[in-house]
Amino acid sequence: MGEIQQNIIDIEQRITAAAQKSGRKREDILLLAVSKTIDVPRIKQAVDCGLKELGENRVQEILEKYDTMGKDVCWHLIGHLQTNKVKYIINKVKMIHSVESIKLAEEIDKRAKQSNVIMDILVEVNIADEQSKFGVTPKETLSFIKNIAFLDNIRIKGLMTVAPFVDNPEENRDCFRRMRQLLVDINAEKIDNVNMNVLSMGMSNDFEVAIEEGATIVRVGTNIFGKRVYPQQ
Ligand SMILES: *Cc1c(COP(=O)(O)O)cnc(C)c1O
């Protein structure tokens, strides 16, 4: 058995266990394979194991892999997105996880309209208020959503966060819990067009804790493909 296949079996078991532990169903959680820096043959090994939804953080990398990976898979944009690049991916991705400015939401709406699609988006929340991170602050999230909810060609599906990098995943439990509470609180506002049920949170280091706290999408790269090797700049 290949290493990637073995890794996926291991992750699957851990997801199932975390779901059971918290009284949830395995099928309510998507394992998104984060394929940034990974070449197509290795990504295909993961796809052959049933992981058909792929996450990339750069537009350019989606464009490079898109044709070769073919129609069996679908793509999620999970990293920071520049407004001027929206047009390249509007017809290529299933969901954009990293919406954090009104300008970006408006551009996605505009390009989606031109392409006659409705784009599913998540609002990126900087849950721990880290200087180095993208995302709206927890305090700003409600008003941000109110400001973009009227846009016809985007559908706000939920919230996403990149939690702090920690040694012990338990340290992020409170962040994940606050993410879920934020989603519940915003839904309770009954904003027109807003009924969110997606929580994209948890990575290789902390996906089990995220699942226990309500994640519906976990974004896992390293645990599937091994440590990433970045090309020298
Ligand atoms: C790289 C990346 C991941 C996956 O991180 P791992 O620790 O390798 O699992 C998840 N989310 C985002 C936004 C990323 O950029």
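Heads up: these notes are all about the structure in this document.

Thresholds applied
- Residues numbered from 1 in each chain as written.
- Predicted model: local features only at pLDDT ≥ 70, side-chain atom pairs only at ≥ 80, totals over all residues.
- Heavy atoms only, no water.
- Disulfide = S-S within 2.5 Å.
- Buried < 20%, exposed > 50% of the residue type's maximum accessible area, 1.4 Å probe, protein only.
- Near = heavy atom within 4 Å.
- Polar contact = N/O pair within 3.5 Å; in protein donor to acceptor, adjacent residues only side chain to side chain.
- Areas by Shrake-Rupley, 256 points an atom, 1.4 Å probe, with all protein chains shown as cover.
- 1 Å grid on protein atoms, 1.4 Å probe; cavity = no way out; pocket = protein on both sides within 12 Å on 5 of 7 lines; lining within 4 Å.
- Sits in = over half its atoms within 2 Å of the grid points.
- Core = buried A, V, L, I, M, F, W, Y, C linked by side-chain atoms within 4.5 Å.
- Contact = heavy atoms within 4.5 Å.
- Helix = DSSP H or I, 4+ residues; strand = E, 2+ residues; numbered from the N terminus.
- Expected span 1.5 Å × (residues − 1).
- Pairing = 2+ DSSP bridges.
- Right-handed = clockwise from strand over helix to strand, strands pointing away.

1. Here's the deal with the state of the cysteines
Working definition: the covalent bond between the sulfur atoms of two cysteines is a disulfide. Tallied over the full model, the rule gives zero disulfides. Free of any disulfide, C49 has its nearest cysteine sulfur in C74, 17 Å distant. The partly exposed category is assigned to C49, whose relative accessible area is 31%.

2. Points about the site of the ligand
Within the structure, the ligand sits among V34, K36, N57, I78, V162, M203, S204, R219, V220, G221, T222 and R228. Separating an oxygen atom of the ligand from a side-chain N or O atom of S204 is a distance of 2.5 Å. R228 is positioned with one of its side-chain polar atoms (N or O) 2.7 Å from an oxygen atom of the ligand. Computed on the free molecule, the ligand has an accessible area of 390 Å², of which 89% lies beneath the protein chains in the complex. Most atoms of the ligand, that is more than half of them, are within 2 Å of grid points of the largest pocket.

3. Some words on the nonpolar core
Core analysis: the biggest nonpolar cluster contains 69 residues, and I96, I108, I145, L159 and I224 have the highest contact counts within it. With residues up to four places along the chain from it excluded, the contact list for I108 reads V86, I90, I96, V99, M119, I121 and I154. Formed by eight residues, the second largest nonpolar core is a distinct cluster that contains I78, L122, M160 and V198.

4. A closer look at helix α7 (residues 173-188)
With 16 residues, α7 extends 23 Å from end C-alpha to end C-alpha; this agrees with the ideal 22 Å at 1.5 Å per step. Listing the buried residues of α7 in full gives R173, C175, F176, M179, L182, L183, I186 and N187. Taken together, the buried residues of α7 touch α6 (138-148), β6 (154-160), β7 (198-200) and α8 (207-212). Note on α7: the residue one or two positions beyond its end, K190, has a positive phi of about 50°.

5. Looking at the pairing of strand β4 (residues 93-99)
Across the seven residues that make up β4, a large majority, six, are buried. As paired elements, β4 and strand β5 (residues 119-124) share three bridges and run parallel to each other. Across the sheet, residue I96 finds its bridge partner in β5, namely I121. In this fold, the crossover linking β4 to β5 by way of helix α5 (residues 102-115) has right-handed handedness.

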